[in-house]
Structures are given as structure tokens and as C-alpha cells.
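# Analysis of the macromolecular model
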Amino acid sequence: MLLALDDAISSAVLADRGADVEIFGIIDLASKIETRMGPISLGRAIQFVANASVLGYDVRGAMVLYGLPRTPSLRKWDCDRLWAQYGGALLQP
């Protein structure tokens, strides 16, 4: 069942990768202030969250909001998995 859910999320993300989204829960470690990002494409948002720790951000509590209302948000571990699995394909139009 979990694999089917992952496949459904992956398919939805790939289909919507160019859609504008917002990211919440990003903490700039230098200023200790929450940074709000948006709009940014879904693919770029996943890339950012997956790699933000090397850029000086804490994204452990990050949420990427995309799709229609009631669509589950993507969390850090979702972005890590999606970026590792699809990488540059998420940035393609």
C-alpha cells in the first residue's frame, strides 16, 4: 500500500512540477528567522528543500504546499526522496 501511495505522489508531483507553490517552515540559520518563499515552481521547491541545509537553512519543519486543496503537503523527507529519484527531471518544463 505504501508503494502505491508513493507512486501516486510521484505521478502527481511530476505532472505538476512546473506549478507555482509556496514553502513554509524554512529557518535561516544566520538570522534564526523563518523565511517565506513563494511563488516558486514545484520542481525547484523540491530541489531547494532537498539541498537547503548546505545553503544555511533548517528545513526540518518545511512544508511545500501544491495542488488542489486537500492535497497533502510535501515534507523534507518527501523532497529528499523525490529529488534523489527524479533529480533534474523535476526542473524540466
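Calculation criteria
Residues numbered from 1 in each chain as written. Predicted model: local features only at pLDDT ≥ 70, side-chain atom pairs only at ≥ 80, totals over all residues. Heavy atoms only, no water. Core = buried A, V, L, I, M, F, W, Y, C linked by side-chain atoms within 4.5 Å. Buried < 20%, exposed > 50% of the residue type's maximum accessible area, 1.4 Å probe, protein only. Helix = DSSP H or I, 4+ residues; strand = E, 2+ residues; numbered from the N terminus. Contact = heavy atoms within 4.5 Å. Salt bridge = Lys/Arg side-chain N within 4 Å of Asp/Glu carboxyl O. Pairing = 2+ DSSP bridges.

### Some thoughts on the nonpolar core
If you look at soluble globular proteins, the nonpolar side chains tend to sit buried side by side. In terms of nonpolar packing, the biggest core is built from 22 residues, with V13, I23, L42, I46, V49, V64 and L74 touching the most fellow members. Taken together, the elements giving at least two residues each to this core come down to α1 (2-15), β1 (20-28), α2 (42-51) and α3 (76-86). At 6 residues, the largest contribution of residues to this core is made by α2. Look past the residues within four positions of I46 in its chain and what remains in contact with it is V13, L74, C79, L82, W83 and L90.

### Considerations on the pattern of salt bridges
Inspection of every chain in the model, using the stated rule, returns 3 salt bridges. Here R36 ties to E22 by a salt bridge, and the two come within 3.1 Å at their closest N and O atoms. Here R36 is found in strand β2 (residues 33-41), whereas its partner E22 is found in strand β1, with 14 residues between them in sequence. For E22, a relative accessible area of 33% puts it in the partly exposed group.

### Here we look at the pairing of β1
Pairing analysis gives 6 bridges linking β1 to β2, with the strands arranged antiparallel. Residue pairing in the sheet places V21 in a bridge with I40 of β2. Between β1 and the antiparallel strand that follows it, β2, lie 4 residues; K32 among them carries a positive phi value of about 60 degrees. Bridge count between β1 and strand β4 (residues 63-65): 3 bridges; the pairing is antiparallel.

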